Structure formats: structure tokens, C-alpha cells
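Next come the chains, spelled out residue by residue.
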Amino acid sequence: MASRNEPPISSAAVADSLARNSPLLRSSICLACSDHRTIVSGKGSVFLLCQSQAVPESWPKYPPQPLARCPYFHDIAPPMPPPMPPPAADPIA
């Protein structure tokens, strides 16, 4: 149970935690995709649902795991900006 100062843990957070701790699923590109949803069955099995709007009808809703490459992948994390160049050294006069 969460304390008064901690927000309650959502069922989506618990499902994602289960998926990330699964040896089979944690190597899947689906976990890093913004279009995935983690589903936990009543028996505790974990599945990754593809919710991409770009996929054709022939694409499985629950792709076989682990998935190494996907043409419909959308990265959750935004691209990192390029590193800043180091500051120029002050010449000593």
C-alpha cells in the first residue's frame, strides 16, 4: 500500500514492470515503442499489444515476442540533442 506522500501505483505501471522483468519480453523492441500497451491476463501471463495506427490488418495485434525489428516502431524517448562543444580555453596573458 502506498503511503500518503506517494502516488498510487497504476495497473499500467505494474504491467510494464512485469514485462520489463520478463527475460523474453525485456529484449523486445516493443517495450521501447510509444504504441505498445502491456496486457496482463487473469492468470498472470504478460502480452504486448501493438496499438500503432499505421499497421495493416495483416499485422498481428500481439506480435510474437521478442521482436527485434519493427517497421511501425515509434521511439518513446525523444531524440537527444547533439552534445555542446567544450568551452574555449581562456588564453593566459
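This text goes with the structure placed above it.
Residues numbered from 1 in each chain as written. Predicted model: local features only at pLDDT ≥ 70, side-chain atom pairs only at ≥ 80, totals over all residues. Heavy atoms only, no water.

(A) Here's a closer look at the state of the cysteines. The final tally for this structure, using the stated rule, is zero disulfides. Between Cys33, a cysteine without a disulfide, and Cys70, which holds the nearest cysteine sulfur, the sulfur-to-sulfur distance is 6.3 Å. We note that Cys50 lacks a disulfide partner, and the nearest cysteine sulfur, in Cys70, lies 5.9 Å from it. (Disulfide = S-S within 2.5 Å.)

(B) Just the pairing of strand β2 (residues 46-50), in detail. Summarising the sheet, strand β1 (residues 36-40) and β2 pair through five bridges and their orientation is antiparallel. Looking across to β2, one finds that Ile39 is bridged to Phe47. The hairpin turn running from β1 into β2, its antiparallel successor, is five residues long, and Gly44 in that turn takes a positive phi close to 95 degrees. (Pairing = 2+ DSSP bridges. Helix = DSSP H or I, 4+ residues; strand = E, 2+ residues; numbered from the N terminus.)

(C) View of the side chain of Ser28. Along the polypeptide, Ser28 turns up in the loop between α1 (11-20) and β1. Dropping the residues within four chain positions of it, Ser28 is found in contact with Leu48, Gln65, Pro66 and Leu67. (Contact = heavy atoms within 4.5 Å.)

(D) Broad picture of unusual backbone geometry. Cis peptide bonds are those with omega within 30 degrees of zero, and the linkage from Gln65 to Pro66 qualifies with 0 degrees. Its location among the elements puts Pro66 in the segment after β2.

(E) Structural detail: empty space enclosed by the protein. A full pass over the atoms with the stated rule returns one cavity of 30 Å³ or more. By volume, the largest cavity amounts to about 100 Å³. Surrounding the largest cavity, 15 residues form its lining, Cys30, Cys33, His36, Cys50 and Cys70 being those nearest its centre. Looking at side-chain class alone, the lining of the largest cavity contains 12 nonpolar, two polar and one charged residues. (1 Å grid on protein atoms, 1.4 Å probe; cavity = no way out; pocket = protein on both sides within 12 Å on 5 of 7 lines; lining within 4 Å. Points joined across faces, edges and corners; volume = space filled by probe spheres on them. Nonpolar A, V, L, I, M, F, W, Y, C, P; charged D, E, K, R; others polar.)

(F) Structural context of a nonpolar patch on the surface. Together, Val14, Leu18 and Val40 make up a nonpolar patch on the protein surface, roughly 210 Å² of accessible area in all. Along the polypeptide, Val40 turns up in strand β1. (Patch = residues over 30% accessible without salt bridge, like charges linked within 9 Å, V, L, I, M, F, W, Y side chains within 5 Å. Areas by Shrake-Rupley, 256 points an atom, 1.4 Å probe, with all protein chains shown as cover. Salt bridge = Lys/Arg side-chain N within 4 Å of Asp/Glu carboxyl O.)

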